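# Residue-level structural notes
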Amino acid sequence: LNETGKDLGPFEFLGEGQSSFQNSIDQRAFNVRKALNERFDGILIPPGAEFSYVSFLGPITKEEGWKFSLAIFKGTETEWVRGGGICQVSTTVYRAVLNTALQVTEQRSHSLYVDYYELYGVGLDATVFPGEQDLKFVNNTPNYLLMIAEEEKNMEAVIRFYGEEDGRKTEFLGPYTYSNQTEEVVAAVGSLGSGMIAWKYRITWKDGTVEEKWMKSTYF
């Protein structure tokens, strides 16, 4: 819904992120769907604005309808809390952000390895916890961004961005682990041990400029 009062022009598909929440218990699946349908579908982000995932979540309370499910605490522990599963959607948003070459300003991977995040980008996940950890990014495109969130068949969470195409392209090289790390990987992020996953992330901008960065996640 366009509430800006402006003609924003045509929206072109820019990029998407996916994750699977198959095998989630009913309460977790409920929370994932609630976040997709009620919190992150149809959001307009102005050019140059910083988006905060937590700010769109709102209170994670009984009154807001969130259910109890497992979440990670203190690095290696899991507890039953309201809203368990919301990181499924933040991870999906993060993958869409990377695929769209938006500017990430705050992100942290989970401390424990989570099977749900293996498909579509193992090691590319984003944990959130209101008051402690957020996922933030800046709309560095020329116009408004439209975020669309939905569930596709087989319990697939999908986030898509639409806006003004400016020719940027992204590429991911990896994943690299202990078993397939190369000299280039070791030189860039250090030797990968058990539980470490690395990617080389490349953005090619419209003018041909290439920007590269390495991303490494470490899991217990």
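Above this text you will find the structure in question.
Quick caveat, the model's predicted, so the values are computed rather than measured.

## A closer look at the layout of surface pockets
- A volume near 700 Å³ is recorded for the largest pocket.
- Around the largest pocket, the lining comprises 34 residues; the ones closest to its centre are Leu70, Ala71, Ile72, Cys87 and His110.
- Elements supplying a minimum of two residues to the lining of the largest pocket: strand E4 (68-73), strand E5 (77-82) and helix H3 (86-99).
- A breakdown of the residues in the lining of the largest pocket according to their chemical character gives 17 nonpolar, 12 polar and 5 charged.
- In this model, the second largest pocket occupies a volume close to 320 Å³.

## Considering empty space enclosed by the protein
- Counting across every chain of the model gives 1 cavity of 30 Å³ or more.
- Volume-wise, the largest cavity comes out at about 30 Å³.
- Lining the largest cavity, in full, are Tyr113, Val114, Tyr117, Glu118, Val122, Gly123, Asp125 and Tyr219.
- For the lining of the largest cavity, the class distribution of residues is 5 nonpolar, 1 polar and 2 charged.

## Considering the sheet that holds strand E7 (residues 136-138)
- The strand order across the open sheet built from 3 strands is E3-E7-E6, with neighbouring strands paired in antiparallel fashion. Edge positions in the open sheet fall to strand E3 (50-52) and strand E6 (103-106), since each of these has one partner strand only. Strand after strand, the sheet turns through a mean of 30° between neighbouring axes, direction not considered.

## What about a nonpolar patch on the surface?
- The grouping of Ile25, Phe68, Leu70 and Trp80 at the surface amounts to a nonpolar patch, some 390 Å² of accessible area in total.
- One can find Ile25 in the loop between strand E1 (12-20) and helix H1 (26-39).
- On the accessibility criterion, Ile25 (36% relative accessible area) is partly exposed.

## Regarding the packing of aromatic side chains
- Across all of its chains, the model carries 10 aromatic pairs by this definition.
- A centroid spacing of 4.2 Å and a plane angle of 10° characterise the contact between Phe40 and Tyr53, whose relative ring orientation is stacked. Linking Phe40 in the loop between H1 and strand E2 (43-45) with Tyr53 in helix H2 (residues 53-57), this pair joins segments that are 13 residues apart in sequence.
- For Tyr53, a relative accessible area of 0% gives the class buried.

About the thresholds
- Residue indices follow the written sequence of each chain, beginning from 1 at its first position.
- Residue-level local features of this predicted model are given only where pLDDT is at least 70; pairs of side-chain atoms are given and counted only at 80 or more, and the full residue set underlies all totals for whole chains, interfaces and linings.
- Only hydrogens and water are set aside; all other atoms, that is, all heavy atoms of the structure, feed into the side-chain values.
- With a 1 Å grid laid over protein atoms only, a set of points is called a cavity when a 1.4 Å probe fits there but cannot get out and a pocket when it is open yet has protein on both sides within 12 Å along at least five of seven lines; lining residues have an atom within 4 Å of a point.
- Grid points are joined across faces, edges and corners, and a volume is the space filled by probe spheres set on the points.
- Helix and strand definitions follow DSSP, with helices as H or I runs of at least four residues and strands as E runs of at least two, each counted in order from the N terminus.
- Note on residue categories: nonpolar means Ala, Val, Leu, Ile, Met, Phe, Trp, Tyr, Cys or Pro, charged means Asp, Glu, Lys or Arg, and polar means any other residue, Gly included.
- The rule for pairing is simple: two strands pair if DSSP sees at least two bridges between them.
- Every axis in this analysis is a line fitted to C-alpha atoms, fitted for helices over the stretch in contact. Angles between the N-to-C directions lie between 0 and 180 degrees.
- Surface patches are defined over residues having more than 30% relative accessible area and no salt bridge, joining like charges when they lie within 9 Å and nonpolar side chains (Val, Leu, Ile, Met, Phe, Trp, Tyr) when within 5 Å.
- Every accessible area reported is derived by Shrake-Rupley at a probe size of 1.4 Å, with residue values counting cover from the shown protein chains alone.
- Any Lys or Arg side-chain nitrogen found within 4 Å of a carboxyl oxygen on Asp or Glu counts as a salt bridge.
- Burial status follows relative accessibility: with a 1.4 Å probe on protein chains alone, a residue under 20% of its type maximum counts as buried, one over 50% as exposed, and anything between as partly exposed.
- Stacked, edge-to-face and tilted are the three classes for Phe, Tyr and Trp ring pairs, Trp counted by its six-membered ring, which pair at centre distances within 6.5 Å; planes under 30 degrees apart are stacked, over 60 edge-to-face, the rest tilted.

In short, the description is geometric, and any link to function would need to be established separately.
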